[in-house]
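Letter by letter, the chains look like this.
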Amino acid sequence: MAGPSIISTSRKYGHDPIRYPIKAIYYTLSHPTALSRIVFRLACIGCTLSVAILVALLAATLKPQAELISSNLEWWAWLVAVCLVLFESAICALLLITVFQSKAQTKLFLTTMRLEGHWKENEMVAQSIIKDLNLVKKAFFVRVITLPIKIIPLLGGAIYSAINATFTGWDYMDRYFDAIKLPTNLQRVEVFGEDRSDCSALCYPSTYDPDNDFARFGFMCSFLESLPIVGWAVFPLTNAIAAALFACDIEKGGGPICLRERRN
């Protein structure tokens, strides 16, 4: 007999969560004072760093890597070397950008929820500084293992995003779950449909079900971030706004399903 699905229902809150990361881009542009300035400033810094790192690595390591791949410098060796340089520059940029982006993401999340009128000042709390700067995300080792897939432009990003979709979605919604003080075991119930450990969920086929709301949300967030140069410079910021829009719809629906079921 097949085991119980860890996905309860899709479209729990009436909207397809895959749309929020795209909606967040338009939402940011429509709020120039509150959001666009923060995103634009940090995006400029991120893009400048990304381009500088890419140019430096191309100048210093492209030819040596191509020679290591093929001493005769065949055309395919250059192609592989370019992919490697893109991957290496993404890693370097990620490490530099993530640190100063994290606080900005929390600020954008809070600002968006306030603009939408769903931040409850006396009930919700902002994510702590320690957790805000935590670079070790959920299913961290799976992400590290699958990271080289991103060497393949676009397709690699799509595959990586599909594998890590549910945990990426959970990571972005963590700010909302922390705001409402939702315990970790209930977060798992909300994301997976029941309280399973992260390791157990990794091995469960339904974690990768494309109808999982958090997987759909996480896939689009991750795929946008996998785009060369602008991915890690711009979209982690707009994805924080996307998480806030998702959270607002959850609030409109009466809060997380796991809490509603407990109240009933």
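Residues numbered from 1 in each chain as written. Predicted model: local features only at pLDDT ≥ 70, side-chain atom pairs only at ≥ 80, totals over all residues. Heavy atoms only, no water.

Student: Describe the overall build of the chain, naming the residues involved and giving the relevant values.
Tutor: Along its length, the chain carries 12 helices and zero strands. The helix and strand sequence of the chain, counted from the amino end, reads α-α-α-α-α-α-α-α-α-α-α-α. Here the chain holds 264 residues, and the buried ones make up 48% of them. The long-range fraction of contacts in the chain, counting pairs at least 24 apart against all pairs at least 6 apart in sequence, stands at 74%. As displayed, the chain has an accessible area near 12800 Å², and 67% of this comes from carbon and sulfur atoms. (Helix = DSSP H or I, 4+ residues; strand = E, 2+ residues; numbered from the N terminus. Buried < 20%, exposed > 50% of the residue type's maximum accessible area, 1.4 Å probe, protein only. Contact = heavy atoms within 4.5 Å. Areas by Shrake-Rupley, 256 points an atom, 1.4 Å probe, with all protein chains shown as cover.)

Student: Tell me about the pattern of salt bridges, and name the residues and values.
Tutor: A full pass over the atoms with the stated rule returns five salt bridges. Note that Lys120 and Glu251 form a salt bridge whose closest N and O atoms lie 2.9 Å from each other. Taken together, the residues Lys120 in the loop between helix H3 (75–115) and helix H4 (129–132) and Glu251 in helix H11 (residues 230–252) connect sequence positions 131 residues apart. A residue is classified by how much of its surface remains accessible, and Lys120, at 37% relative accessible area, is partly exposed. Residue Glu251 is classed as buried on the basis of its relative accessible area, which comes to 14%. Across the pair Lys252 and Asp249 runs a salt bridge whose closest N-O atoms are separated by 3.6 Å. Here the residue Lys252 and the residue Asp249 both occupy positions in helix H11, the gap between them amounting to three residues, near one helical turn. Given the relative accessible area of 53%, Lys252 is considered exposed. (Salt bridge = Lys/Arg side-chain N within 4 Å of Asp/Glu carboxyl O.)

Student: Requested: an account of the confidence of the model for the chain, with residues and values cited.
Tutor: Mean pLDDT for the chain: 82, with 89% of residues reaching 70 or above. The secondary-structure element of the chain with the lowest mean pLDDT is H4, recorded at 61, while helix H1 (residues 20–29) shows the highest, at 94. In this model, residues 1–10 is a region of pLDDT below 50 whose contacts with residues beyond four sequence positions or in other chains number 20 contacts. (pLDDT = per-residue confidence, 0-100.)

Student: Which residues make up the environment of Tyr176, and what values do they have?
Tutor: By secondary structure assignment, the location of Tyr176 is in helix H7 (residues 165–179). In this structure Tyr176 touches Phe109, Met113, Met124, Ala247, Ile250, Glu251, Gly255 and Pro256, once residues within four positions along its chain are discounted. A polar side-chain atom of Tyr176 sits 2.4 Å from a polar atom in the side chain of Glu251. (Polar contact = N/O pair within 3.5 Å; in protein donor to acceptor, adjacent residues only side chain to side chain.)

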